[in-house]
Amino acid sequence: MTTPPKVRRENDARPGPVVLDEISKQIIEQLQTDGRKPYAAIGKAVGLSEAAVRQRVQRLLDAGVMQIVAVTDPLTLGFPRQAMIGIKCEGDLETVADELSAIAEIDYVVLTAGSLDIMVEVVCESDLHLLEILGKIRAIPTVRATETFVYLKLHKQTYSWGTR
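Remember, predicted model here, so these are calculated numbers, not experimental data.

## Some thoughts on helix H3 (residues 50-62)
Argument step 1. With 13 residues, H3 ought to run about 18 Å at 1.5 Å a step, and its terminal C-alpha atoms sit 18 Å apart, in line with that.
Argument step 2. Among all positions in H3, only Val-53, Arg-56, Val-57 and Leu-60 are buried. Seen along its axis, H3 keeps its buried residues to an arc of 100°; they face one direction. Away from its buried face, by an angle of more than 90 degrees, H3 presents the exposed residues Arg-59 and Asp-62.
Argument step 3. Against helix H1 (22-33) and helix H2 (39-46) lie the buried residues of H3.
Argument step 4. Gly-64, located one to two residues past H3, shows a positive phi value of around 75°.

This is how it looks when you write it as structure tokens:
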């Protein structure tokens, strides 16, 4: 099991946006098409040696610009119930977000503007499992209400917004 990435907060001491040259953008686009593509093939596509591509990829990973991960299909792994849960809270949203992030079944936590304060995504084994997770969320003292959006069909899922 991997440790989820740390939630970035506004007051984190992070440098500004990373400026990417065209070759780094092309490398990212190549990896978004196929995360297992050999560095030699990427090098051929972007005009660099395999070693140069390897160094650039490592710099992009170290800078937090990208991650190379395996994206699984929850349905084929026995997780037929997915849902987005909207949460209304009182008090410090960051504290609630930290508590939600500690719940293993929650894979996405985002603070939002609008009628909901936080949105989380869950992947569950069953409706009963979803109900158990809702109980964990509702047990957080400053959570005032939840609204669950059960996924009926995943129509599109992509991570290829590129480097624009």
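## Structural notes on the nonpolar core
Argument step 1. In this structure, Ile-85, Ile-87, Leu-100, Ile-118, Val-120, Val-122 and Ile-137 are the most contacted members of the largest nonpolar core, which totals 19 residues.
Argument step 2. Going through the elements one at a time, strand S1 (81-89), helix H4 (93-101), strand S3 (118-124) and helix H5 (127-138) are the ones with two or more residues in this core.
Argument step 3. Among all residues touching Ile-137, those that are not within four sequence positions of it are Ile-85, Ile-87, Leu-100, Ile-103, Ile-106, Val-120, Val-143 and Thr-146.

Basis of the calculations
- Residues numbered from 1 in each chain as written.
- Predicted model: local features only at pLDDT ≥ 70, side-chain atom pairs only at ≥ 80, totals over all residues.
- Heavy atoms only, no water.
- Helix = DSSP H or I, 4+ residues; strand = E, 2+ residues; numbered from the N terminus.
- Expected span 1.5 Å × (residues − 1).
- Buried < 20%, exposed > 50% of the residue type's maximum accessible area, 1.4 Å probe, protein only.
- Arc of directions from axis to C-beta.
- Contact = heavy atoms within 4.5 Å.
- Core = buried A, V, L, I, M, F, W, Y, C linked by side-chain atoms within 4.5 Å.

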